[in-house]
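# Chains, contacts and geometry: an overview
Here's the letter readout for the chains.
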Amino acid sequence: MRKIWTLIKREYVTRIHTKGFLWGTLLMPVFILLVTFFPLLLGEFTGDDVKNIAIIDRSGALAAPLHEAMQNDGEGKEATRYHLHIHTPDAAAWTETVQLLDNQVKDKKLDAYLIIPEDIFESNQFELHCSTVSNLLFNRRIENAVTQVATTTRLQRSGLDAELVKKFSARINAKTYKVGEQGSREESGFASYAVNYIFMFLLYIALILYGTFVMQGVTEDKSSRVMEILLSSANARQIMAGKILGIGAVGLTQFFIWMLFAALASMYGLAMVQAIDPGISKIAMPTISIWVYVLFLVYFILGFFLYATLYAAVGSMVNSDREAQSLQWPVVMLILFAMLCAFPVLQNPSGTFAIVISLLPFFTPILMFLRFTANAATTVELLASILIMILTTWGLIWVTAKIFRVGILMYGKKPTLQELLKWMKYS
Amino acid sequence: MSVLNIANISKQFGHITAVDQLSLDVEEGTILGFLGPNGAGKTTTIRMIMQIIMPDSGAISLFGQPHHPGLLDQVGYMPEERGLYKNMRVIDLLVFFAEMKGLGAAPARREAVQWLGRLELPEWQDKKVEDLSKGMQQKIQFAATVLHQPRLIILDEPFSGLDPVNTMLLKDIMLELKKKGHAILFSTHQMDSAEKICETICLIDQGKRVLYGPLTEIKRQFGSNRVRLRYDGKASFLADKAIVAKFDDYGQYVEITPAAGISAQQILERAVQQLSVQHFEIADPSLNEIFIKVVANP
């Protein structure tokens, strides 16, 4: 026990003192803040970005209502976003007008122009000309506006009163509420989603990052031949435990610092943002329950141990980081697979697929945590997943320790699967 | 008192027998030269002593007790491939290795400082290991091996890469440790250094022990009564096949292998009749010669 402690101490102290630790610890919160506030900032900037759009309306019926619709979209935002220019060329000036508009788009004086054909009500098509056609959000907006206007016109033509049509076709918005322990509270759907996503992403990064540290640590000790000296004072199990616990402790330290940032941000973040831009007060900041932090920590620790034992085994099999790259793929794939399942799981977080896959120990840290933040995991499922993870890790340590014991003394080429099985028999 | 006793240990890796029925014994206050060509099984044997791998059969006892992990704290091991944490400070690294052997942090630091002084590296205490030259790192490795005052010290090629001055320094320390009662297992290819400091040697080849015992006895055993002779005059008797089986003229002296049944004494008598003898000796084979003889043509 004392030897494991000495190993942990060395691992911890030397790693805490590196520049990498300092920068990693400082840059991560900055990165998270950027990820969180980037969309907000982006929204602010694009607000100034006025789009100039020209319309050639050959149907003669849509230009005016379209102009009206895009200026008054209810929230009053669009008025500042779109400048519409209506062109009504006669047949003689047609080519000339299109030429002119093309040139204006090329010269960036115009962002786009629309050609609404005479038979739009039959063909259900119009032309959109712009310098980039891949801005799907913009395309969709224009499409929506034209569809809305066309629908209104169609309805009016069928004899309905204009006021009535407007009333009937009014857009209906959803106000989102999140049901938590304290009942329902109003919350922005996007913000809550973002928080879940950030936490899941953090878990993902942490598992890979610290797992890789363990692997590199083992490979380093092996290639620098320190391993043989360590083995003359301690056994392979102690060395493996010291490595994993030491790096785990570094991870936890870093995490507590990050959590402190996160807690401060959730407490004072809104006030800070409001100080910069008072208009932003409309956003309902998601409140993060203490249980999110607790489970985050639990799943980080359990996930770290599970993956660290695998990474330690991989590290013991190879002689250099480069060799490790190819052998660590199966492990990385496991974590990656959990990430890939995040979206299907979020779509139906209480479904059978979500329950089953989040109980598989290798996917539990990310997926069960995700289901918890989506309020879909029951207490029984949480406890079961924790128990399964502990049992799996315990069993895995038994197997990987054998690989580790033989691996750390093997130099030369990478082992094949057959050799691995033989190693397990050796020890 | 026997510090290390190895009785009939064997180790197989697949079809290869790395160590075959090896036995040896290291006494308190002695240095055993553990010799053998590359791949003879030296490292495997040492790893078995260090309990890094287990023998398939046979027994190893340390300090009169059957092998158990607790005993390793009283053993110091310097492997042939040096291993140091390059990004650590010298002093921290030494304290770490000593702590791994069960020493407390404070005494470990005290010993480390003292050993750095003894090895003429006191000013490097707070430098990082990577800033040290290879020879200096070698000395740090040596300090790490002996810092906790182990009763048994295992050194695998301790002099490789050291200049003659530092080789002398380490050799002196080894003899000093021996005098203090430490037992040393000294594994090497360098026969001349083994010859200088070991009273006992164990030579293994292909996992088997081929020579074992006090160096003087082994030399006597191989002393094939060859004679070295320096003289003035014309030594016509050298051509007499009845007396001389073979001779090599080295310019300064002639090395003579007497014919069967002829003693060195008889050679001397013949020489004195013909020549003015300046120098006569019964040639003791060097350890190097014995090594080559045993390993190359068994």
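Residues numbered from 1 in each chain as written. Chains lettered and ligands numbered in written order. Predicted model: local features only at pLDDT ≥ 70, side-chain atom pairs only at ≥ 80, totals over all residues. Heavy atoms only, no water.

### Let's talk about the overall build of chain B
When helices and strands are tallied, chain B shows nine helices and 14 strands. Relative to its full complement of 298 residues, chain B shows a buried share of 50%. Within chain B, contacts between residues separated by at least 24 positions form 67% of all contacts whose residues are at least 6 apart in sequence. For chain B, the exposed area adds up to about 13,600 Å²; of that, 51% sits on carbon and sulfur atoms. When the 32 positive and 35 negative side-chain charges of chain B are each reduced to one mean point, those points stand 1 Å apart. (Helix = DSSP H or I, 4+ residues; strand = E, 2+ residues; numbered from the N terminus. Buried < 20%, exposed > 50% of the residue type's maximum accessible area, 1.4 Å probe, protein only. Contact = heavy atoms within 4.5 Å. Areas by Shrake-Rupley, 256 points an atom, 1.4 Å probe, with all protein chains shown as cover. Lys, Arg positive; Asp, Glu negative; His and termini not counted. Charge placed at Lys NZ, Arg CZ, Asp CG, Glu CD.)

### Let's talk about the overall build of chain A
A tally of regular secondary structure across chain A gives 19 helices and six strands. Within chain A, buried positions represent 41% of all 427 residues. A fraction of 74% describes how many contacts in chain A between residues 6 or more apart in sequence connect residues 24 or more apart. If you sum the accessible surface of chain A, you get close to 23,300 Å²; carbon and sulfur atoms cover 65% of it.

### Overview of empty space enclosed by the protein
This model, assessed by the stated rule, comprises three cavities of 30 Å³ or more. If you go around the largest cavity, the residues you meet are A:Ile229, A:Ser232, A:Ser233, B:Gly76, B:Tyr77, B:Phe97, B:Lys101, B:Gln141, B:Ala144, B:Thr145 and B:His148. Looking at the lining of the largest cavity, the elements that each hand over two or more residues are strand E6 (75-78) and helix H4 (134-146) of chain B. The residue makeup of the lining of the largest cavity, split by class, is four nonpolar, six polar and one charged. Considering the residues around the second largest cavity, the lining is formed by A:Leu7, A:Arg10, A:Glu11, A:Asp221, A:Leu230, A:Ile239, A:Gly242, A:Lys243 and B:Tyr85. (1 Å grid on protein atoms, 1.4 Å probe; cavity = no way out; pocket = protein on both sides within 12 Å on 5 of 7 lines; lining within 4 Å. Points joined across faces, edges and corners; volume = space filled by probe spheres on them. Nonpolar A, V, L, I, M, F, W, Y, C, P; charged D, E, K, R; others polar.)

### Observations regarding the nonpolar core
Counting residues in each nonpolar core, the largest one holds 164 residues, and the members touching the most others are B:Phe142 and B:Leu152. At 17 residues, the largest contribution of residues to this core is made by helix H12 (residues 290-317) of chain A. Judged by nonpolar contacts, the second largest core, of 19 residues, contains A:Leu62, A:Met70, A:Tyr82 and A:Ile120. (Core = buried A, V, L, I, M, F, W, Y, C linked by side-chain atoms within 4.5 Å.)

### Looking at the sheet that holds strand E4 (residues 127-130) of chain A
All names here are of chain A. The four strands are arranged E2-E1-E3-E4 in an open sheet whose pairing can be described as mixed. Of all the strands in the sheet, the pair left with one neighbour each is strand E2 (82-87) and E4. The sheet shows a mean angle of 20 degrees between the axes of neighbouring strands, direction not considered. Both strand E3 (residues 112-116) and E4 contribute to a ladder of four bridges, which runs antiparallel. In the strand pairing of E4, Tyr113 is matched with His129. (Pairing = 2+ DSSP bridges. Axes fitted to C-alpha atoms, helices over the stretch in contact; angles between N-to-C directions.)

### What about the confidence of the model for chain B?
In low-pLDDT segments, the atomic positions of the prediction should not be examined closely. The pLDDT averaged across chain B works out to 88; a share of 99% of its residues lies at or above 70. Scored as a whole, the predicted complex attains pTM 0.72, and scored at its interfaces, ipTM 0.80. (pLDDT = per-residue confidence, 0-100.)

### Focus on the pairing of strand E2 (residues 16-27) of chain B
All names here are of chain B. The pairing of strand E1 (residues 2-13) with E2 spans eight bridges and is antiparallel. From the neighbouring strand, Leu4 faces E2, where its bridge partner is Val26. Here E1 folds back onto E2, and the loop between the two strands holds two residues, one of which, Gly14, carries a positive phi near 65 degrees.

### Remarks on unusual backbone geometry
Residues and elements named next belong to chain B. Of note, the phi angle at Asn8 is positive, near 55 degrees, even though the residue is not glycine. Following the sequence through the fold, Asn8 ends up in strand E1. Residue Glu120 is not a glycine yet carries a positive backbone phi of 60 degrees. The residue Glu120 is located in the loop between helix H3 (105-118) and H4 in this model.

### Here we look at the layout of surface pockets
What the second largest pocket holds in volume is close to 1,200 Å³. Along the wall of the second largest pocket there are 44 residues; nearest its centre are A:Leu409, B:Arg47, B:Ile52, B:Ile53 and B:Met54. For the lining of the second largest pocket, the elements supplying multiple residues, two or more each, are helix H11 (236-276) and helix H18 (379-407) of chain A together with E1, E2 and helix H1 (42-49) of chain B. In terms of residue class, the lining of the second largest pocket is made up of 21 nonpolar, 12 polar and 11 charged.

### A look at the packing of helix H2 (residues 90-100) of chain B against H4(B)
Helix packing for two helices is described by the angle between their axes and how far apart those axes are. All names here are of chain B. It is the contact of H2 with H4, at a shortest axis distance of 9 Å, that shows an interaxial angle of 30 degrees. If you check the angle between H2 and H4, you find them roughly parallel. Read as a crossing pair, H2 and H4 show a hand that is right-handed. Note on element contacts: H4 touches H2 through Ile140, Ala143 and Ala144, opposite Val90, Leu93, Leu94 and Phe97. (Parallel < 35°, antiparallel > 145°, perpendicular 65-115°, else oblique. Left-handed = near helix turned anticlockwise from the far one by under 90°.)

### So, the side chain of A:Glu11
All names here are of chain A. Structurally, the position occupied by Glu11 is in helix H1 (residues 2-16). Judged by its relative accessible area of 4%, Glu11 is buried. Setting aside residues no more than four positions away along its own chain, Glu11 makes contact with Gly242, Lys243, Gly246 and Ile247.

### A look at the sheet that holds E1(B)
All names here are of chain B. What the four strands build is an open sheet, ordered E2-E1-E4-E5; its pairing is antiparallel. For this open sheet the edge positions go to E2 and strand E5 (65-66), each flanked by a neighbour on one side alone. As paired elements, E1 and strand E4 (residues 57-62) share five bridges and run antiparallel to each other. From the neighbouring strand, Ser10 faces E4, where its bridge partner is Ser57. H1 contacts E1, E2 and E4 of the sheet and is inclined by roughly 120 degrees relative to E1.

### Considering H4(B)
For an α-helix, the turn length of 3.6 residues means that residues three or four places apart are oriented alike. Counted at 1.5 Å a residue, the expected span for H4(B) with its 13 residues is 18 Å, and the 19 Å between its end C-alpha atoms agrees. The buried fraction of H4(B) is high, at 11 of 13 residues. The inward-facing, buried residues of H4(B) contact helix H10 (226-231) of chain A together with E6, H2, H3, strand E7 (152-156) and helix H5 (164-179) of chain B. (Expected span 1.5 Å × (residues − 1).)

### Examining the interface of chain B and chain A
Chain B puts 25 residues into the contact, and the matching count from chain A is 22 residues. Between chain B and chain A the total buried area reaches about 2,200 Å² when both faces are included, carbon and sulfur atoms providing 59% of it. Contact with chain A buries area across many residues of chain B, yet B:Ile52, B:Tyr85 and B:Met100 alone supply 31% of it, more than any other trio. At the junction of chain B and chain A, the tally comes to four salt bridges. (Buried area = accessible area lost by both parts, 1.4 Å probe. Salt bridge = Lys/Arg side-chain N within 4 Å of Asp/Glu carboxyl O.)

### Brief notes about a nonpolar patch on the surface
Residue and element names in this part refer to chain A. On the surface, a cluster of nonpolar side chains totalling about 740 Å² of accessible area is made up of Leu22, Trp23, Leu26, Leu27, Val30, Leu34, Ile257 and Phe261. At the level of secondary structure, the elements contributing two or more residues to the nonpolar patch comprise helix H2 (19-46) and H11. Within the fold, Ile257 resides in helix H11. (Patch = residues over 30% accessible without salt bridge, like charges linked within 9 Å, V, L, I, M, F, W, Y side chains within 5 Å.)

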